[in-house]
Amino acid sequence: GVTKVRAIGQAADLDAPGMALELAAPSDALDALCEAIARRRRVTFTYTGLSSPTRERTIEPWRVVAQRRGWYVLGRDTDSGEQRRFRLTRIRGKVTESGPDSAYEIPPHTLD
């Protein structure tokens, strides 16, 4: 809402009564993903995509971001070798870490 108000040239006073900026709480996977990112360890989880069947995914997580009305983990999918984005609310069950600490480098372009 604040972005829309600013987009039409109006000043947004976030301290005004009735004006609050909130992000919905992410799924339970957030803590596990943040820990894995800090330690640079691979993670595995069950994921249900919009256009793909539910399956196990293994990624090297780089960053967790709030965008497009949701929380996402960005990282390298080890099966495809490609950069991917996974919505946290589509992760089913537990996120499991694997492999040694410092197993990969986080690309600098993901830190912007």
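These figures come from a predicted structure and were not determined experimentally.

Visitor: How should the sheet that holds strand β2 (residues 55-67) be read in this particular structure?
Guide: Within a sheet, neighbouring strands are paired by backbone hydrogen bonds and run either parallel or antiparallel to one another. Here we have five strands laid out as an open sheet, ordered β4-β3-β2-β1-β5, and antiparallel in their pairing. Two strands close off the open sheet at either side, each with one partner strand: β4 (83-87) and β5 (91-98). Taking each pair of neighbouring strands and ignoring which way they run, the sheet shows an average axis angle of 45°. Note that strand β1 (residues 42-47) and β2 share five bridges and pair antiparallel. Each bridged residue has a counterpart across the sheet, and for Tyr-47 the counterpart in β2 is Arg-55. Packed onto the sheet, helix α2 (residues 29-39) meets β1, β2, β3 (70-77) and β5 and runs at close to 25° relative to β5.

Visitor: Is there a simple way to explain the side chain of Glu-60 in this structure?
Guide: Its place among the elements puts Glu-60 in strand β2. Taking relative accessible area as the criterion, Glu-60 reaches 8% and is therefore assigned buried. In this structure the side chain of Glu-60 is engaged in a polar contact, spanning 3.2 Å, whose partner is the side chain of Arg-42. Discounting chain neighbours no more than four positions away, the residues touching Glu-60 are Arg-42, Leu-74, Gly-75, Arg-76, Thr-78 and Tyr-104.

Visitor: Any chance you could explain the packing of aromatic side chains here in plain terms?
Guide: Centre-to-centre distance and the angle between the planes together describe a pair of aromatic rings. A full pass over the atoms with the stated rule returns three aromatic pairs. By way of ring pairs, the aromatic residues Phe-45, Tyr-47 and Phe-86 are connected into one cluster.

Visitor: Can you help me understand the side chain of Asp-77 in this one?
Guide: Note that Asp-77 resides in strand β3. At 2.8 Å, the side chain of Asp-77 forms a polar contact with the backbone nitrogen of Asp-79. Residue contacts for Asp-77: discarding those within four places in its chain leaves Arg-57, Thr-58, Ile-59, Glu-82, Arg-84 and Phe-86.

Visitor: What am I meant to see in the environment of Glu-97 here?
Guide: Considering the arrangement of structural elements, one finds Glu-97 in strand β5. Taking the relative accessible area as the measure of exposure, Glu-97 reaches 22% and is therefore partly exposed. For the pair Glu-97 and Arg-40, spaced 57 residues apart in sequence, the C-alpha to C-alpha distance is 9.7 Å. The residues touching Glu-97, leaving out its near neighbours within four places in the chain, are Ala-32, Glu-35, Ala-36, Arg-39, Arg-41, Arg-42 and Val-43. At a separation of 3.1 Å, a polar atom in the side chain of Glu-97 contacts the side chain of Arg-41.

Calculation notes
Residues numbered from 1 in each chain as written. Predicted model: local features only at pLDDT ≥ 70, side-chain atom pairs only at ≥ 80, totals over all residues. Heavy atoms only, no water. Pairing = 2+ DSSP bridges. Helix = DSSP H or I, 4+ residues; strand = E, 2+ residues; numbered from the N terminus. Axes fitted to C-alpha atoms, helices over the stretch in contact; angles between N-to-C directions. Contact = heavy atoms within 4.5 Å. Buried < 20%, exposed > 50% of the residue type's maximum accessible area, 1.4 Å probe, protein only. Polar contact = N/O pair within 3.5 Å; in protein donor to acceptor, adjacent residues only side chain to side chain. Phe/Tyr/Trp six-rings, centres within 6.5 Å; stacked < 30°, edge-to-face > 60°.

Keep in mind these values describe shape, not function.
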